[in-house]
Amino acid sequence: MCWEKPETGGVSMLIILEKILISNLKKSTLNCMTSAKTHASLSVKTVIVPAAGMGTRFLPATKTIPKELLPVVDTPGIELIAQEAAQLGADKLAIITAPKKREVLAYFDRYPALETMLEARGKTHQLEKVRNTNNLPTPIAVEQTEPLGLGHAVGLAEQVLDDDENVVAVMLPDDLVLPMGVVVKMMEVRAQLGGSVLCAFEVPHEEVYNYGVFDIEDAPDYHGDYVVKKVRGMVEKPAVDDAPSNFVATGRYLLDRAIFDALQRITPGAGGELQLTDAIALLIDEGHPVHILVHDGKRHDLGNPGGYIPAVVDFGLADPVYGPHLKKVLREILDEHGA
């Protein structure tokens, strides 16, 4: 068998095919890189949980027990937040904590002796509950040595982010937003509109003085199933007659990474605190898109006894074990108090 020199046309054809192959390979690689970047920008890896407060409204209970560990029936508020973060697909829980509140992080530690005892006694249901924390996002302690505001707390968490994280979620443990999953919906809104998305509730107009109130307009670029508005600004606890709307903020934020730069450029307000709303307002002024998703659900305030007690009752009534008895007892208590 002898080798013959190919015709010039054959060589040209080989070169052309080689160029096409290289071009397609480059396009494929570029598409994979673009897809990876898009995935990074549309997924949340880190949820920031500000938990450095001293819980003074729950004293004396919070002298030794962080309010985030107070149980809603049998599950601490911090675990409910972690469950919500897991539902979002996050793998890190950046818990902003005070120097003397290490118990919040310790709650997520393994307890082998307890697990062994429960397993030996056949208490499988309790064992599953204890082990549930093993399947939640990894908690990372971020210490806030001084109470310098929510904006300061959120800003501290940038140190635990990876370089490819373009968005973070902030979940305030005082706010129990039901049903869980609102931040998943907020991610869908961000995927369409970009920027930052905040959770809002519509309240009776006479109650707006209790909240941060959104100044809003329609969002014509949004096409979806949720109630979404564009944010022009916010007013903190306005007089009823001065409120720009009756759509109010609650403790769920989906923030573009640009928030950390904005937090570096705002000035402290009353008490030397950095306010997250001031940083969001700065982003709005600079043309950064900010929207609200109006949540069709309910909220419990775990930050004070007046909100915590209804939350426990609500969860208790929904519990298949405790619910039937609790309904009976509540009726008796209401009759006793003439309600």
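Residue numbers run consecutively from 1 along every chain, following the written order of its sequence. Residues qualify for local features only when their pLDDT is at least 70, as the model is predicted, and side-chain atom pairs are given and counted only at 80 or more; totals for whole chains, interfaces and linings, by contrast, use all residues. Each side-chain value is worked out from all heavy atoms of the structure, with water and hydrogens disregarded.

Where an unreviewed UniProt entry is consulted, the protein chain appears under the name UTP--glucose-1-phosphate uridylyltransferase, with the organism given as Corynebacterium matruchotii ATCC 14266. Listed in UniProt under the heading Catalytic activity (unreviewed entry), the comment for the protein chain reads: "alpha-D-glucose 1-phosphate + UTP + H(+) = UDP-alpha-D-glucose + diphosphate". UniProt positions are given in the numbering used here, feature names are shortened, and annotations may be inferred rather than shown by experiment. Among the UniProt annotations of the protein chain, the heading Sequence similarities (unreviewed entry) holds the following wording: "Belongs to the UDPGP type 2 family."

Draft legend 1. A look at the layout of surface pockets. Quantified by volume, the largest pocket comes out at close to 1500 Å³. Lining residues are defined by having an atom within 4 Å of a point belonging to a cavity or pocket. Those points lie on a 1 Å grid over the protein atoms alone, cavities being sets where a 1.4 Å probe fits but cannot get out and pockets being open sets with protein on both sides within 12 Å along at least five of seven lines. Along the wall of the largest pocket there are 48 residues; nearest its centre are R57, L150, L172, D174 and Q275. Strands are runs of DSSP state E lasting at least two residues, helices are runs of H or I lasting at least four, and both sets are numbered from the N terminus onward. Within the residue set of the lining of the largest pocket, elements represented by two or more residues are α6 (150–156), β10 (227–236), β11 (247–256), α9 (276–285) and β13 (298–301). The biggest single contributor to the lining of the largest pocket is α9, with 6 residues. Residues of the lining of the largest pocket, tallied by class, amount to 23 nonpolar, 13 polar and 12 charged. One number sums up the size of the second largest pocket: a volume of about 570 Å³. Grid points are joined across faces, edges and corners, and a volume is the space filled by probe spheres set on the points. Residue polarity follows a fixed list, in which Ala, Val, Leu, Ile, Met, Phe, Trp, Tyr, Cys and Pro are nonpolar, Asp, Glu, Lys and Arg are charged, and the others, Gly among them, are polar.

Draft legend 2. Focus on the nonpolar core. The term nonpolar core refers to a set of buried residues drawn from Ala, Val, Leu, Ile, Met, Phe, Trp, Tyr and Cys, joined through side-chain atoms within 4.5 Å. Exposure classes here rest on a 1.4 Å probe applied to the protein chains alone. A residue is buried below 20% of its type maximum, exposed above 50%, and partly exposed in between. In terms of nonpolar packing, the biggest core is built from 40 residues, with V47, I95 and L254 touching the most fellow members. Secondary-structure elements contributing two or more residues to this core are β1 (46–50), α2 (77–88), β4 (92–97), α3 (103–106), β6 (167–171), α7 (182–193), β8 (196–202) and β11. The greatest single-element share of this core, amounting to 6 residues, is contributed by α7. Sequence-distant contacts of L254, that is, excluding residues within four places in its chain, are made with V44, V167, V168, A169, V183, M186, M187, R190, S196 and V197. Counting residues in each nonpolar core, the second largest holds 36 residues, with I216, A249, A279 and I292 among its members. The contact definition used throughout considers only heavy atoms, calling two residues in contact when any of these lie within 4.5 Å.

Draft legend 3. Quick look at the pattern of salt bridges. Whenever a carboxyl oxygen of Asp or Glu lies within 4 Å of a side-chain nitrogen of Lys or Arg, that contact is scored as a salt bridge. Under the defined criterion, the tally for this structure stands at 22 salt bridges. E286 is paired through a salt bridge with R265; the nearest N and O atoms lie 2.8 Å apart. Within this pair, whereas E286 is found in the loop between α9 and β12 (290–294), its partner R265 is found in helix α8 (residues 258–265), the two being separated by 21 residues in sequence. Residue classification places E286 among the partly exposed residues on the basis of a relative accessible area of 47%. Shared partners join several salt bridges into a network, and the residues in it are K45, K92, D162, D164 and E165.

Draft legend 4. A look at α2. Expected span of a helix, by definition, is 1.5 Å for each gap between consecutive residues, and there is one gap fewer than residues. Helix length check: α2, at 12 residues, gives a terminal C-alpha distance of 17 Å against a target of 16 Å (1.5 Å per residue), a fit within 8%. Burial within α2 is extensive, with 9 of its 12 residues counted as buried. Backbone geometry just downstream of α2 places G89 in the positive-phi region, at approximately 95°.

Draft legend 5. Spatial organisation of the packing of aromatic side chains. Centres within 6.5 Å are what make two rings of Phe, Tyr or Trp a pair, Trp counting through its six-membered ring; a difference in plane orientation under 30 degrees is then read as stacked, over 60 as edge-to-face, and the rest as tilted. All chains considered together, the criterion is met by 2 aromatic pairs. With 5.6 Å between their ring centres and 85° between their planes, Y107 and F108 make a pair best called edge-to-face.

Draft legend 6. Region of interest: the pairing of β11. Extensive coverage of β11 is indicated by the burial of 10 of its 10 residues. Pairing between two strands requires that DSSP report at least two bridges joining them. The sheet contact formed by β6 and β11 spans 5 bridges and is antiparallel. Considered in β11, the bridge of V168 is made with L255. Two strands pair when backbone bridges link them, and β8 and β11 are joined in this way by 5 bridges, in the antiparallel orientation. Its bridge partner being in β11, L198 is matched across the sheet by Y253.

Draft legend 7. Seen up close, the packing of helix α10 (residues 305–318) against helix α11 (residues 323–336). For helices, the fitted line uses only the C-alpha atoms of the stretch in contact; every axis is such a line through C-alpha atoms, and the angle between N-to-C directions lies from 0 to 180 degrees. In contact at an axis separation of 6 Å, α10 and α11 are set at 125° when each is read in the N-to-C sense. When the interaxial angle is binned, α10 and α11 end up oblique. In this structure, α10 contributes V313, G316 and L317 to the contact, and α11 contributes G323, L326, K327 and L330. For the contact of α10 with α11, the class distribution of residues is 4 nonpolar, 2 polar and 1 charged. Angular relationships are summarised with four words: roughly parallel below 35 degrees, roughly antiparallel beyond 145, roughly perpendicular across 65 to 115, and oblique for the angles in between.

Draft legend 8. Summary view of the side chain of Q144. Topologically, Q144 is positioned in the loop between β5 (138–143) and α6. For this analysis, a polar contact is any N or O atom pair within 3.5 Å, provided that within protein one partner can donate a hydrogen and the other can accept it, and provided that sequence-adjacent residues contribute only side-chain to side-chain pairs. Polar contacts involving the side chain of Q144 include one to the side chain of H152, which spans 2.9 Å. Residues contacting Q144, with those up to four places away along its chain left out, are A52, I96, T97, A98, P99, G149, H152, A153 and L156.

Draft legend 9. Representation of the environment of E202 within the structure. Position of E202 among the secondary structure elements: in strand β8. Take E202: its relative accessible area is 52%, and that puts it in the exposed class. Distance from E202 to S245, taken between C-alpha atoms, is 8.9 Å for residues 43 residues apart in sequence. If sequence neighbours within four positions are ignored, E202 has contacts with N246, F247 and V294.

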